[in-house]
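# Understanding the architecture of this molecule
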Amino acid sequence: MVAESLSDAELARQKEIEDWLPITSARNAKWWYSAFHNVTAMVGAGVLSLPYAISELGWGPGIAILILSWIITLYTLWQMVEMHEMVPGKRFDRYHELGQQAFGPKLGLWIVVPQQVVVEVGVCIVYMVTGGKSLKKVHNVLCPSCKDIKTSYWIMIFASSHFVLSHLPNFNSMSGISLAAAIMSLSYSTIAWATALNKGVVPNVNYSYKATTKAGAVFNFFSGLGDIAFAYAGHNVVLEIQATIPSTPEKPSKGPMWKGVVVAYIVVALCYFPVAIAGYYVYGNSVEDNILVSLEKPAWLIAAANLFVVVHVIGSYQVFAMGVFDMLETFLVLKMKFRPSFLLRFVTRTTYVAITMFIGIAIPFFGGLLGFFGGFAFAPTTYFLPCIMWLAIYKPKTFSLSWCTNWFCIIVGITLMLLAPIGALRGIILQAKTYKFFS
């Protein structure tokens, strides 16, 4: 009897924790929620550096890698959506739970969690800097004669929104913000490529590599790979998004989720391909690593595009931060035995926002770090970890189509993981002379 009541108490506590944690607390999302959460997570500020990535890769390789990445990442996303409920009666609500199923309870955690943390925290810091810089851009464009305000202050202004928004309890409660962010990403992408095409090709446009030496060209090529890897980075929160969709044996969550993913990927293509192609076509190798910088005029439109970037980055930050909040809160409640409470959530989330803000202010050299993190953590979680899990769990026959496809993705992903950080590291070393902390 004691054992029974104990297990009842345990179950009640487990239920209380599940109902409180951000990923599992609300399971009534519609398929279109998954569409705009995925767009918000995937289309980052990375889209604005795509023309620059193409200029480092060249026409042929650039377009080929962009399209190949789109196909591979859609395939690995499909795998993750399929694997969410492959064990009857159980849902893998988090990336690391799937890792534990594939690699074992201990190893799964150690393989997935560090990478996921690097990606999610890395993205949050990068977006702090992007948000601050875009706000500063709006100010400078609209008022060129005003007193210059340091980027650090702009990052603080941008962070102020997150000190409020990060207290939204779960994914469903932020679907409005996510929708706004998804619309904004389409808007500023469209402004970027339409304005570029409207300007027409610049005189003496040059499509050759910018680097004068063979080594320089090779390193830039690697760096371009990193930029493209970073552009497809929504996989780290895909299971967490799917966890919010209701599921029954008759109607599993993968149906509506996949519908949402396909819509999201169409939007991603509409954002990425025109920007990458039009931006490089118009500016050639003189394109800046943020296309909006190349488009100086008309001022009001550039200011609007930068404001759209700010709104979108606010949404993206929240989508990625939600994964971190879930990890932190799970750890505090299950391992450290804290009681689920508003105060615990308030302290945890406020501290996290403050830390990402502080690191963003301290290390504002954003571009170089992007490629570096991009290669190390984005390539595995996006390009080949899902394939390795698929092989470990489903064990397809050797040399069957599934087996070959997965190994192809793994080889591409590992190549990316090894080459991209090399180019980025060289970029960091070359630019390090101009880097100033707290600049």
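Residues numbered from 1 in each chain as written. Predicted model: local features only at pLDDT ≥ 70, side-chain atom pairs only at ≥ 80, totals over all residues. Heavy atoms only, no water.

## Observations regarding the overall build of the protein
- Looking only at helices and strands, the protein has 16 helices and 0 strands in total.
- Relative to the globule expectation of 22 Å for 439 residues, the C-alpha radius of gyration of the protein, 22 Å, shows essentially globular dimensions.
- Considering only C-alpha atoms, the protein reaches an extent of 85 × 55 × 40 Å along its principal axes.
- Each of the 439 residues in the protein was classed as buried or not, and the buried ones make up 53%.
- The long-range fraction of contacts in the protein, counting pairs at least 24 apart against all pairs at least 6 apart in sequence, stands at 84%.
- Per element, the accessible surface of the protein, about 18800 Å² overall, is 72% carbon and sulfur.
- Positive and negative charge centroids in the protein, built from 30 and 21 side chains respectively, lie 7 Å apart. (Helix = DSSP H or I, 4+ residues; strand = E, 2+ residues; numbered from the N terminus. Rg over C-alpha atoms; globule rule 2.2 N^0.38 Å. Buried < 20%, exposed > 50% of the residue type's maximum accessible area, 1.4 Å probe, protein only. Contact = heavy atoms within 4.5 Å. Areas by Shrake-Rupley, 256 points an atom, 1.4 Å probe, with all protein chains shown as cover. Lys, Arg positive; Asp, Glu negative; His and termini not counted. Charge placed at Lys NZ, Arg CZ, Asp CG, Glu CD.)

## Some words on the packing of aromatic side chains
- In the structure shown here, the tally under the stated rule is 15 aromatic pairs.
- On the basis of an interplanar angle of 70° and a centroid distance of 5.3 Å, the ring pair of tyrosine 207 and tyrosine 280 is categorised as edge-to-face. One end of the pair, tyrosine 207, is in the loop between helix H8 (175-199) and helix H9 (214-231); the other, tyrosine 280, is in helix H11 (residues 254-283), with 73 residues separating them in the sequence.
- A network of ring pairs unites the aromatic residues Tyr75, Trp78, Trp390 and Tyr394 as a single cluster.
- The aromatic ring of tryptophan 20 is capped on one face by arginine 345, whose charged end is 4.3 Å from the ring centroid. (Phe/Tyr/Trp six-rings, centres within 6.5 Å; stacked < 30°, edge-to-face > 60°. Lys NZ or Arg CZ within 6 Å of the ring centre and 35° of its normal.)

## Regarding the nonpolar core
- Among the nonpolar cores identified, the biggest contains 113 residues, and Tyr232, Tyr272 and Met389 are the most heavily contacted of them.
- Considering every element that reaches this core, the biggest residue donor is H11, with 15 residues.
- Once you skip the residues sitting within four places of it in the chain, tyrosine 272 turns out to touch Met42, Val43, Gly44, Val47, Leu50, Ala231 and Tyr232.
- One finds Ile17, Leu332, Val333 and Leu344 within the second-largest nonpolar core, a separate group that totals 6 residues. (Core = buried A, V, L, I, M, F, W, Y, C linked by side-chain atoms within 4.5 Å.)

## Digging into the pattern of salt bridges
- Throughout the structure, instances matching the rule amount to 10 salt bridges.
- A salt bridge links arginine 94 to glutamate 97; the nearest nitrogen and oxygen atoms lie 2.8 Å apart.
- Owing to a relative accessible area of 8%, arginine 94 belongs among the buried residues under this scheme.
- Classification of glutamate 97 by relative accessible area gives buried; the value is 17%. (Salt bridge = Lys/Arg side-chain N within 4 Å of Asp/Glu carboxyl O.)

## Section: helix H2 (residues 31-42)
- End to end, H2 covers 17 Å across 12 residues, agreeing with the expected 16 Å (1.5 Å per residue, within 8%).
- In terms of residue burial, H2 counts as a mostly covered element, since 9 of its 12 residues are buried.
- When we look at burial in H2, the residues that qualify are Ser34, Ala35, Phe36, His37, Asn38, Val39, Thr40, Ala41 and Met42.
- Looking at the packing, one finds that the buried side of H2 touches helix H4 (59-83), H8, H9, helix H10 (238-242), H11 and helix H13 (299-335). (Expected span 1.5 Å × (residues − 1).)

## What to know about the state of the cysteines
- Counted under the stated rule, the structure contains 1 disulfide.
- Residue cysteine 143 pairs covalently with cysteine 146 via a disulfide, S to S 1.6 Å. With the S-S dihedral at roughly 80°, the linkage between cysteine 143 and cysteine 146 falls on the right-handed side.
- The exposure class assigned to cysteine 143 is partly exposed, which follows from its relative accessible area of 22%. (Disulfide = S-S within 2.5 Å.)

## A closer look at the environment of tyrosine 95
- By the element assignment, tyrosine 95 lies in helix H5 (residues 95-103).
- With relative accessibility at 0%, the residue tyrosine 95 sits in the buried group.
- For the pair tyrosine 95 and isoleucine 363, spaced 268 residues apart in the sequence, the C-alpha separation amounts to 29 Å.

## With respect to a nonpolar patch on the surface
- A surface patch of nonpolar side chains, about 410 Å² in accessible area, is lined by Trp59, Leu197, Val201, Ile277 and Tyr281.
- Relative accessible area serves as the criterion here: at 42%, leucine 197 is assigned to the partly exposed category. (Patch = residues over 30% accessible without salt bridge, like charges linked within 9 Å, V, L, I, M, F, W, Y side chains within 5 Å.)

## A closer look at the environment of tyrosine 383
- You can see tyrosine 383 is positioned in helix H15 (residues 366-394).
- Judged by relative accessible area, tyrosine 383 falls into the buried class, the value being 1%.
- Separated by 200 residues in the primary sequence, tyrosine 383 and isoleucine 183 have C-alpha atoms spaced 26 Å apart.
- When residues no more than four places from it in sequence are discounted, the contact partners of tyrosine 383 are Ser69, Ile72, Thr73, Thr76, Ile228, Ala229, Tyr232, Phe378, Cys409, Gly413 and Leu416.
- A distance of 3.0 Å separates a polar atom in the side chain of tyrosine 383 from a polar atom in the side chain of serine 69. (Polar contact = N/O pair within 3.5 Å; in protein donor to acceptor, adjacent residues only side chain to side chain.)

## Focus: the packing of H4 against H11
- Remark: H4 packs on H11, axes separated minimally by 11 Å, with the N-to-C direction vectors making an angle of 170°. In terms of orientation, H4 and H11 fall into the roughly antiparallel class. Residues Trp59, Ile63, Leu66, Ile67, Trp70, Thr73, Leu74, Leu77, Trp78, Val81 and Glu82 of H4 pack against Lys254, Met257, Trp258, Val261, Tyr265, Val268, Ala269, Phe273, Ala276, Ile277, Tyr280 and Tyr281 of H11.
- Broken down by class, the residue content of the contact of H4 with H11 amounts to 20 nonpolar, 1 polar and 2 charged. (Axes fitted to C-alpha atoms, helices over the stretch in contact; angles between N-to-C directions. Parallel < 35°, antiparallel > 145°, perpendicular 65-115°, else oblique. Nonpolar A, V, L, I, M, F, W, Y, C, P; charged D, E, K, R; others polar.)

The values are spatial; any link to function lies outside them.
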